[in-house]
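Now for the letters of each chain:
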Amino acid sequence: MSKIYHKRLVNADAMVKAAHKNKYAIGHFNINNLEWTKAILSAAQETKTPTIIATSEGAMKYMGGPATVVGLVNGLLDELNITVPVALHLDHGQSVEMAKKCILAGYSSVMFDGSHFPYAENLAKTKEVIDFAKKYEVSVEAEIGSIGGEEDGVVGNGELGDPTEAGEMAKTGISMLAAGIGNIHGKYPEWWTSLSFETLEKLQSAAKMPMVLHGGSGIPQDQVKKAISLGISKINVNTELQLAFRDATRKYIEEKKDLDDAGKGFDPRKLLAPGYKALVDTFKELTGWFGSQGKA
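Residues numbered from 1 in each chain as written. Predicted model: local features only at pLDDT ≥ 70, side-chain atom pairs only at ≥ 80, totals over all residues. Heavy atoms only, no water.

1. Regarding the pattern of salt bridges
By the definition in use, this model includes 13 salt bridges. For R8, the salt bridge is made with D78, and the minimal N-O distance between the two is 2.9 Å. Here R8, found in the segment before α1 (13-22), pairs with D78, found in helix α4 (residues 66-79); they are 70 residues apart in sequence, far enough to count as distant. Judged by its relative accessible area of 38%, D78 falls in the partly exposed class. (Salt bridge = Lys/Arg side-chain N within 4 Å of Asp/Glu carboxyl O. Helix = DSSP H or I, 4+ residues; strand = E, 2+ residues; numbered from the N terminus. Buried < 20%, exposed > 50% of the residue type's maximum accessible area, 1.4 Å probe, protein only.)

Okay, structure coming up:
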């Protein structure tokens, strides 16, 4: 069966394997609209950085559904002449049906998050997604344990991943594995101190494959770099981009630039421009210390 996704999109398999082998991490950046997508793609091209852009189910619905997201991304890849490797990824897909729907729409990578099911059911459903994805050359990410916090209605209590499950899941044909290592979605609370590197080492020893750090926003740089050295090959960023966009937009409005009628400061292209630049700057800062810049 021929692949149906756009010729410029790639799956994430090769990029995360290269990152795992050479001890850097691919940035996974959640998108929410045109500005988010254009900013990340433009910054990736400028810095020669292989990149994963992703939508949660909630963001995908907000943007109009998977076909709309695919159309937007493919259009920008063409119009901006993006030549660096880019994967379009479903983040925290909650059902086999949603993963299949995104694959058929043109996503080149999907996460099936079956961590809310009993492990045996998670494993069986993950295998079903893999069997379907293989027909379209789409990469698959799985999850064991759970990530703490909440993202788009996905709530996790932060259970640490089990090495035995990691070793078994690694044999299914997935490209990358997410597991709870003390990480949390959203802003980290004041009481949080550290990732569980002991857990990460045990999981990596069992799985021996690229692993994913969810909740990458706000983890101290030294901890992220240590996690990369221990097998983290993909780092998910969402909240940090949202906060950067918020702060830049707030500054524009507090300076009352939106009230400049003569200069049309109310024009959304001007109103959103500071947030757009903040997204670009944040991408460059993060991928700089992820080590993925120039790896395209």
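2. Some thoughts on the environment of K61
Structurally, K61 is set in helix α3 (residues 57-62). Once the C-alpha coordinates of K61 and N32 are considered, the two residues, 29 residues apart in sequence, prove to be 9.9 Å apart.

3. Overview of the packing of aromatic side chains
Evaluated as defined, the whole model comprises 5 aromatic pairs. Pairing F112 with F117 gives two aromatic rings, centres 6.5 Å apart and planes at 20°, and the pair type is stacked. Across from the ring centre of F117, 5.2 Å away, lies the NZ or CZ of K125, which sits over that ring. The side chain of K295 reaches across the aromatic face of Y24, ending 4.9 Å from its centre. (Phe/Tyr/Trp six-rings, centres within 6.5 Å; stacked < 30°, edge-to-face > 60°. Lys NZ or Arg CZ within 6 Å of the ring centre and 35° of its normal.)

4. A word on the packing of helix α2 (residues 34-47) against helix α12 (residues 273-290)
At a closest axis distance of 9 Å, the pairing of α2 and α12 adopts a crossing angle of 40°. In terms of axis orientation, α2 runs oblique to α12. The hand of the α2/α12 crossing is right-handed. Counted together, E35, W36, K38, A39, I40, S42, A43, A44, E46 and T47 of α2 and Y276, L279, V280, F283 and K284 of α12 form the full contact between these two elements. (Axes fitted to C-alpha atoms, helices over the stretch in contact; angles between N-to-C directions. Parallel < 35°, antiparallel > 145°, perpendicular 65-115°, else oblique. Left-handed = near helix turned anticlockwise from the far one by under 90°. Contact = heavy atoms within 4.5 Å.)

5. Comments concerning the UniProt feature "binding site: Zn(2+) 2" (unreviewed entry) in the protein chain
Feature annotation in UniProt assigns "binding site: Zn(2+) 2" (unreviewed entry) to the following positions: D113 and E143. In three dimensions, the annotated residues from a span of 31 residues occupy one location, with a maximal C-alpha spread of 5.4 Å. Relative to the assigned elements, D113 resides in the loop between β4 (109-112) and α6 (119-134). Of the polar contacts made by the side chain of D113, one reaches the side chain of H92; its length is 2.8 Å. Turning to its location among the elements, E143 is positioned in strand β5 (residues 139-144). Setting aside its immediate chain neighbours within four residues, E143 contacts H92, M111, F112, D113, S115, N122, L177 and A178. At a separation of 3.3 Å, a polar atom in the side chain of E143 contacts the side chain of S115. (UniProt positions renumbered as here; feature names shortened; annotations may be inferred. Polar contact = N/O pair within 3.5 Å; in protein donor to acceptor, adjacent residues only side chain to side chain.)

6. Examining the UniProt feature "binding site: Zn(2+) 1" (unreviewed entry) in the protein chain
Within this structure's numbering, the places UniProt gives as "binding site: Zn(2+) 1" (unreviewed entry) are H92, H185 and H214. On the basis of relative accessibility, which here comes to 4%, the residue H92 falls in the buried class.

7. A closer look at unusual backbone geometry
Despite not being glycine, N81 has its phi angle at roughly 50°, a positive value. Examined against the element boundaries, N81 turns out to sit in the loop between α4 and β3 (86-93). Given a relative accessible area of 46%, N81 falls into the partly exposed group. With phi around 55°, K208 is a residue other than glycine that occupies positive phi space. In this fold, K208 is placed in the loop between α8 (197-207) and β9 (211-213).

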